[in-house]
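# Architecture and fold: a report
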Protein chains: 4
Amino acid sequence: MPKVGMEPIRRAALVKATIEEIGQAGSLDITVSQIARRAGMSSALAHHYFGGKDQIFLAAMRHTLAVYAAQVRGALMMAEDPQARLEAIVRASFSGQNFRPEVIAAWLNFYVLAQHSPNAMRLLRVYHKRLKSNLSHALRPLVGERAPMVADRIAALLDGVYLHRSLGEGPPEGAAGAEQVLGYARLEMERG
Amino acid sequence: MPKVGMEPIRRAALVKATIEEIGQAGSLDITVSQIARRAGMSSALAHHYFGGKDQIFLAAMRHTLAVYAAQVRGALMMAEDPQARLEAIVRASFSGQNFRPEVIAAWLNFYVLAQHSPNAMRLLRVYHKRLKSNLSHALRPLVGERAPMVADRIAALLDGVYLHRSLGEGPPEGAAGAEQVLGYARLEMERG
Amino acid sequence: MPKVGMEPIRRAALVKATIEEIGQAGSLDITVSQIARRAGMSSALAHHYFGGKDQIFLAAMRHTLAVYAAQVRGALMMAEDPQARLEAIVRASFSGQNFRPEVIAAWLNFYVLAQHSPNAMRLLRVYHKRLKSNLSHALRPLVGERAPMVADRIAALLDGVYLHRSLGEGPPEGAAGAEQVLGYARLEMERG
Amino acid sequence: MPKVGMEPIRRAALVKATIEEIGQAGSLDITVSQIARRAGMSSALAHHYFGGKDQIFLAAMRHTLAVYAAQVRGALMMAEDPQARLEAIVRASFSGQNFRPEVIAAWLNFYVLAQHSPNAMRLLRVYHKRLKSNLSHALRPLVGERAPMVADRIAALLDGVYLHRSLGEGPPEGAAGAEQVLGYARLEMERG
DNA sequence: AATGAATGAGGATTCATTCAT
DNA sequence: GATGAATGAATCCTCATTCAT
């Protein structure tokens with residue numbers, strides 16, 4: 001009985017395990033064996049499916065970014081006015097899927113990964129471009145031509161809050177994080 | 001060349017080399033040998049003076065934080081009113097000593113180090129506490145009781161801008177970074 | 001189906017190689033690489049199967065002790081009266097399996113190992129306890145209540161003869177060693 | 001003020017420290033630095049005086065053997081008849097100077113050292129020869145021509161008791177050890 | 001598809017030894 | 001006489017990766 005169609009299952013399991021492992025270790029200094037064990041398979045199989053450690057990391061990163069993008073897309077679809085669109089983007093960043101300790105740690109480490117992996121760098125840049133584009137678009141009706149600059153600041157603030165969370169004790173509170181960012185946004189809107 | 005009193009010289013050379021090496025590699029994944037070679041000595045001597053890799057990293061981190069703290073202190077001494085104090089803190093963060101690519105990369109990696117090194121975590125928390133305390137103090141006359149919250153946001157924005165810089169191409173422009181942060185601060189001040 | 005069942009083979013080969021290597025070097029100052037090379041594999045594999053140098057040593061010790069115990073047990077089964085039992089124990093100690101130069105050297109070094117390895121110490125104490133128990137049991141009908149004391153002396157004499165052999169030139173002669181010990185035993189028996 | 005005549009003091013301190021260090025570690029696996037530190041000097045100086053680690057070990061061994069020999073000589077001078085001579089030799093072996101845990105451990109390790117150091121081997125053989133000669137001489141009037149054989153056994157028993165002590169818990173009791181050996185000797189004498 | 005077996009390459013760390021002062 | 005400085009040469013151990021089955 002040949003097992004068919006295992007590939008997507010295995011890959012998904014490995015990606016999930018990778019994020020968890022990075023989250024737990026707090027660094028990229030984890031072994032393929034650890035990942036594979038957590039995913040319930042041999043390290044040889046992990047190599048078989050991904051070709052190498054780098055590609056496992058990249059897949060995990062791609063997945064994290066994709067989940068995030070999907071959440072933003074979903075939230076945007078619900079939003080009916082600019083203000084709501086803005087809040088949707090920010091809130092999605094702090095939603096339960098993303099703002100968990102292990103995802104935060106993984107996120108931080110993806111920035112590190114990007115420092116020596118051109119592929120990771122490219123992924124991160126694409127993410128940034130989309131984020132800023134989304135923000136800018138939502139902001140245009142609210143702050144006029146200051147939109148790109150405000151988008152930049154919001155994006156930076158967003159990552160900054162994430163970064164600070166990585167030092168925090170206790171479980172991260174998404175709502176508080178979102179408010180920290182939205183507070184700034186409202187200030188800009190008041191200014192008009 | 002004297003054969004005594006080398007210790008401080010060697011230690012300083014190793015710390016400098018460590019920061020450069022982390023900066024160049026973009027990660028903590030560097031060898032003691034690399035560091036030692038860059039510092040012009042054998043890896044055995046590096047171990048002799050620091051006891052181990054972890055302590056070399058910690059020393060590099062301590063040094064980075066100390067340089068930063070010294071800059072802030074120096075800038076604060078020049079400042080004569082609250083507004084100037086605020087600008088001093090922010091500008092020091094983006095001054096030539098700190099806002100260089102290798103230091104930015106090192107900074108990012110110290111956040112990673114803090115994820116698994118309690119000592120590194122402690123250092124980073126102390127740095128944060130001081131930064132927020134400094135900011136809060138300067139902000140009090142400017143924004144009243146909103147000071148702690150604004151200080152939090154500024155601190156986050158500061159780190160966020162640094163983080164984004166780690167993805168940027170070309171040399172980092174300190175002035176632009178400082179403006180990005182101060183722009184937000186002014187908004188809060190206008191609100192009063 | 002992968003290549004399976006190598007583990008016991010590899011472990012046995014490593015244990016054997018360890019004893020030989022200790023015997024040849026005359027000390028525990030041997031490298032895992034030497035052992036592995038002699039056993040026909042990479043040092044990495046040795047670590048894979050044993051976890052570390054200490055455990056390789058312990059396994060070698062356990063094996064040596066087990067072989068010895070098995071020999072004694074075997075000899076005891078043949079013996080039909082107390083005198084024969086006593087001789088069986090002593091002669092087994094000097095049988096071809098045990099009284100070879102490399103085993104003698106290994107034995108000596110296991111005593112050293114026991115000085116800093118609690119596990120080795122425990123193994124050696126168990127061996128001693130069994131040896132004395134065996135001797136005492138065999139001696140009871142021969143020397144009465146002096147049995148425990150005589151057992152102690154025989155055990156000490158036994159190890160002493162081994163120790164002296166480790167200094168001897170030429171091949172060790174088991175028969176002579178056995179006689180040296182049994183001579184004392186007979187003296188005690190004559191006394192009744 | 002030039003320090004003159006330091007050499008014998010330094011050498012003695014190093015020898016003493018070596019024995020203590022071996023005793024504490026329970027093996028020869030100690031560093032020159034440890035020895036030198038315990039002796040209150042730099043490792044460079046230790047090398048200066050002895051030339052190398054091997055020679056430090058040899059000196060420590062020579063010293064241990066010399067102390068032992070001196071004790072035996074001293075005790076023999078007091079003895080007035082063969083029986084007393086015999087007891088003197090045995091009791092000296094278990095006297096306070098020799099039968100201390102660290103000396104026992106050192107002794108054991110000298111046997112190991114002899115396995116790969118021809119010089120150590122030679123020293124140990126000389127010691128053995130003297131011991132047996134002394135014993136044989138004392139035994140001749142007591143057991144006649146069995147003297148050499150009995151001397152052999154006593155020597156072996158002596159080392160065996162030492163060896164067993166190295167596994168013992170608690171402080172070694174010299175008197176008990178001596179009795180264990182002398183008990184055998186008396187048996188032989190009774191036989192005549 | 002899946003994995004136990006196997007290793008080469010590399011890295012942190014230790015240490016005896018040498019040297020300049 | 002004495003030592004801090006310095007290193008080359010190990011040694012243990014880890015791990016990504018490959019291979020045979």
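Our structure's up above, just so we're on the same page.
Report on the accompanying structure. All values derive from a computational prediction rather than experimental measurement. (Residues numbered from 1 in each chain as written. Chains lettered and ligands numbered in written order. Predicted model: local features only at pLDDT ≥ 70, side-chain atom pairs only at ≥ 80, totals over all residues. Heavy atoms only, no water.)

## Concerning the overall build of chain A
- Helix and strand counts for chain A come out as nine helices and zero strands.
- If you list the helices and strands of chain A from N to C, you get α-α-α-α-α-α-α-α-α.
- In terms of overall dimensions, chain A has C-alpha extents of about 65 × 35 × 30 Å along its principal axes.
- Counting the 192 residues in chain A, one finds 52% classified as buried.
- Look at the contacts in chain A between residues 6 or more apart in sequence, and 66% of them connect residues 24 or more apart.
- Of the roughly 8,900 Å² that chain A leaves accessible, carbon and sulfur atoms contribute 54%.
- The average position of the 23 basic charges and that of the 17 acidic charges among the side chains of chain A differ by 7 Å. (Helix = DSSP H or I, 4+ residues; strand = E, 2+ residues; numbered from the N terminus. Buried < 20%, exposed > 50% of the residue type's maximum accessible area, 1.4 Å probe, protein only. Contact = heavy atoms within 4.5 Å. Areas by Shrake-Rupley, 256 points an atom, 1.4 Å probe, with all protein chains shown as cover. Lys, Arg positive; Asp, Glu negative; His and termini not counted. Charge placed at Lys NZ, Arg CZ, Asp CG, Glu CD.)

## Overview of the interface of chain D and chain C
- Between chain D and chain C, the residue contacts involve 37 residues of the former and 38 residues of the latter.
- A combined buried area of about 3,200 Å² lies between chain D and chain C, and 66% of that area is made up of carbon and sulfur atoms.
- Counting across the chain D and chain C interface gives twelve residue pairs in polar contact (both at pLDDT 80 or more).
- Among the secondary structure elements, those contributing two or more residues to the side of chain D that touches chain C are helix H6 (101-116), helix H7 (118-143), helix H8 (147-165) and helix H9 (174-191) of chain D.
- Considering every element that reaches the side of chain D that touches chain C, the biggest residue donor is H8(D), with ten residues.
- Along the lines of polarity and charge, the residues of the side of chain D that touches chain C split into 15 nonpolar, twelve polar and ten charged. (Buried area = accessible area lost by both parts, 1.4 Å probe. Polar contact = N/O pair within 3.5 Å; in protein donor to acceptor, adjacent residues only side chain to side chain. Nonpolar A, V, L, I, M, F, W, Y, C, P; charged D, E, K, R; others polar.)

## What to know about the interface of chain B and chain A
- The partner chain A presents 37 residues to the 38 residues of chain B that form the contact.
- Interface area, chain B with chain A, both sides summed: about 3,200 Å², of which 66% is carbon and sulfur.
- Counting across the interface, chain B meets chain A through zero salt bridges.
- For the pair chain B and chain A, the number of links is twelve residue pairs in polar contact (both at pLDDT 80 or more). (Salt bridge = Lys/Arg side-chain N within 4 Å of Asp/Glu carboxyl O.)

## As for the relation of the copies chain B and chain A
- Between chain B and chain A, the superposition needs a rotation of 179° and an axial shift of 0.0 Å, giving an RMSD of 0.1 Å. Here the two chains are linked by the operation of a two-fold rotation axis. Residues of chain B ranked by C-alpha distance from the rotation axis are headed by B:Gly160, positioned 1.9 Å from it. (Least-squares fit on C-alpha atoms with pLDDT ≥ 70 in both.)

## Description of the environment of A:Glu87
All names here are of chain A.
- Its location among the elements puts Glu87 in helix H5 (residues 82-93).
- Sequence-wise, Glu87 and Tyr162 are 75 residues apart; in three dimensions their C-alpha atoms are separated by 17 Å.
- With sequence-adjacent residues up to four places away left out, Glu87 is seen in contact with Leu182 and Arg186.

## Focus: the relation of the copies chain D and chain C
- Laying chain D over chain C is done by rotating through 180° and shifting 0.0 Å along the axis; what remains is an RMSD of 0.1 Å.
- In this assembly, 100% of the residues forming the interface of chain D have copies in chain C that are likewise at the interface, indicating an isologous arrangement.

## Topic: the arrangement of the chains
- Looking at chain B next to chain C, you find no contact at all, with the nearest C-alpha pair sitting 21 Å apart.
- Chain A shows no contact with chain D. Their nearest C-alpha atoms sit 33 Å apart.

## Overview of the packing of aromatic side chains
- Under the definition given, this model contains 30 aromatic pairs over all chains.
- Taken together, a centroid distance of 4.9 Å and an interplanar angle of 70° make the contact between C:Phe94 and C:Phe99 edge-to-face. Taken as a pair, C:Phe94 and C:Phe99 share a single burial class, namely buried.
- Here the aromatic residues A:Tyr68, A:Phe94, A:Phe99, A:Trp107, A:Tyr127 and A:Tyr162 are joined through ring pairs into a cluster of three or more. (Phe/Tyr/Trp six-rings, centres within 6.5 Å; stacked < 30°, edge-to-face > 60°.)

## As for the side chain of B:Glu21
Residue and element names in this part refer to chain B.
- By the element assignment, Glu21 lies in helix H1 (residues 6-25).
- By relative accessible area, Glu21 is classed as buried at 11%.
- Those residues in contact with Glu21 that sit more than four places away from it in its chain are Ile30, Gln34, Ile35 and Arg38.

## Topic: H5(A)
Residue and element names in this part refer to chain A.
- Taking 1.5 Å as the rise per residue, H5 with twelve residues should run 16 Å; its terminal C-alpha atoms sit 17 Å apart, in good agreement.
- Every buried residue of H5 is accounted for by Leu86, Glu87, Ala88, Ile89, Val90, Ala92 and Ser93.
- Buried positions along H5 lie against helix H4 (53-78), helix H7 (118-143), helix H8 (147-165) and helix H9 (174-191).
- Taking the backbone nitrogen of Gln83 as reference, a side-chain oxygen 3.0 Å away marks Asp81 as the first, capping residue of H5. (Expected span 1.5 Å × (residues − 1).)

## With respect to the pattern of salt bridges
All names here are of chain A.
- Applying the stated criterion across every chain, the model contains 44 salt bridges over all chains.
- Glu7 is the salt-bridge partner of Arg11, the closest N and O atoms lying 3.5 Å from each other. With a gap of four residues between them, Arg11 and Glu7 both fall in helix H1 (residues 6-25), about one helical turn apart.
- For Lys132, the salt bridge identified is with Asp152, shortest N-O distance 3.1 Å. Of this pair, Lys132 sits in helix H7 while Asp152 sits in helix H8, and the two are 20 residues apart along the sequence.
- We classify Lys132 as partly exposed; its relative accessible area is 28%.
- Under the relative-accessibility criterion, Asp152 is labelled partly exposed at 27%.
- By sharing partners, the salt bridges in this structure join Lys16, Glu20, Glu21 and Arg38 into a single network.

## Quick look at the packing of helix H1 (residues 6-25) of chain C against helix H3 (residues 43-50) of chain C
Residues and elements named next belong to chain C.
- H3 packs onto H1 with a crossing angle of 110° between their chain directions and a minimal axis gap of 10 Å. If you check the angle between H1 and H3, you find them roughly perpendicular. Within the contact between the two elements, H1 uses Met6, Glu7, Arg10, Arg11, Leu14 and Val15 and H3 uses Leu45, Ala46, Tyr49 and Phe50.
- Counted by class, the contact of H1 with H3 contains seven nonpolar, no polar and three charged residues. (Axes fitted to C-alpha atoms, helices over the stretch in contact; angles between N-to-C directions. Parallel < 35°, antiparallel > 145°, perpendicular 65-115°, else oblique.)

## Focus: the environment of B:Thr18
Residues and elements named next belong to chain B.
- Tracing the backbone shows Thr18 in helix H1.
- Each C-alpha atom, one on Thr18 and one on Phe57, is 7.2 Å from the other, the two residues being 39 residues apart in sequence.
- With near-sequence residues (within four places) excluded, Thr18 lies in contact with Ile30, Ile35, Ile56, Phe57 and Ala60.

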